[in-house]
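Here is how the chains run, residue by residue.
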Amino acid sequence: QVQLVESGGGLVQPGGSLRLSCAASGTIDRIYTMGWYRQAPGQRRELVATITTGGSATISGSVEGRFTISKDNTKKTVSLQMNRLKPEDTAVYFCNVNARSRSFAGDYWGQGTQVTVSS
């Protein structure tokens, strides 16, 4: 069983910054990638950024240059630094970990954290 705990969402004005963090715990044999997805009302869930344990990152074009993803393999954490936020960044952000545990190999999801960008 793998648990993901997210933190750092909230309300911010356009142009502001937020930092999301996610910590994975449980009986994890191996983590392959960690990252963030988001889902706005009425929209499909979309990739924001992911990073492999080796440090290779994939960033959505809509946030490239504004968001930075980082991870700590030892602590099993992944963070998303979001700068120059725009109203269109408003969404529920979900932590995602692709990992292998004793009972399951695949995607694990956090409960989601709300990010609202509004003046």
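Residues numbered from 1 in each chain as written. Predicted model: local features only at pLDDT ≥ 70, side-chain atom pairs only at ≥ 80, totals over all residues. Heavy atoms only, no water.

A. Spotlight on the pattern of salt bridges. Applying the stated rule across the entire model yields 3 salt bridges. Of the charged contacts, one joins R38 and E46 as a salt bridge, the two residues approaching to 2.7 Å between their closest N and O atoms. Of the charged contacts, one joins D89 and R38 as a salt bridge, the two residues approaching to 3.0 Å between their closest N and O atoms. Of the two residues, D89 sits in the loop between β8 (77-82) and β9 (91-101) while R38 sits in strand β4 (residues 28-39), which places them 51 residues apart along the sequence. Grouping residues by exposure puts D89 and R38 together as buried. A cluster of three or more residues bridged by salt bridges with shared partners is formed by R38, E46, R66 and D89. (Salt bridge = Lys/Arg side-chain N within 4 Å of Asp/Glu carboxyl O. Helix = DSSP H or I, 4+ residues; strand = E, 2+ residues; numbered from the N terminus. Buried < 20%, exposed > 50% of the residue type's maximum accessible area, 1.4 Å probe, protein only.)

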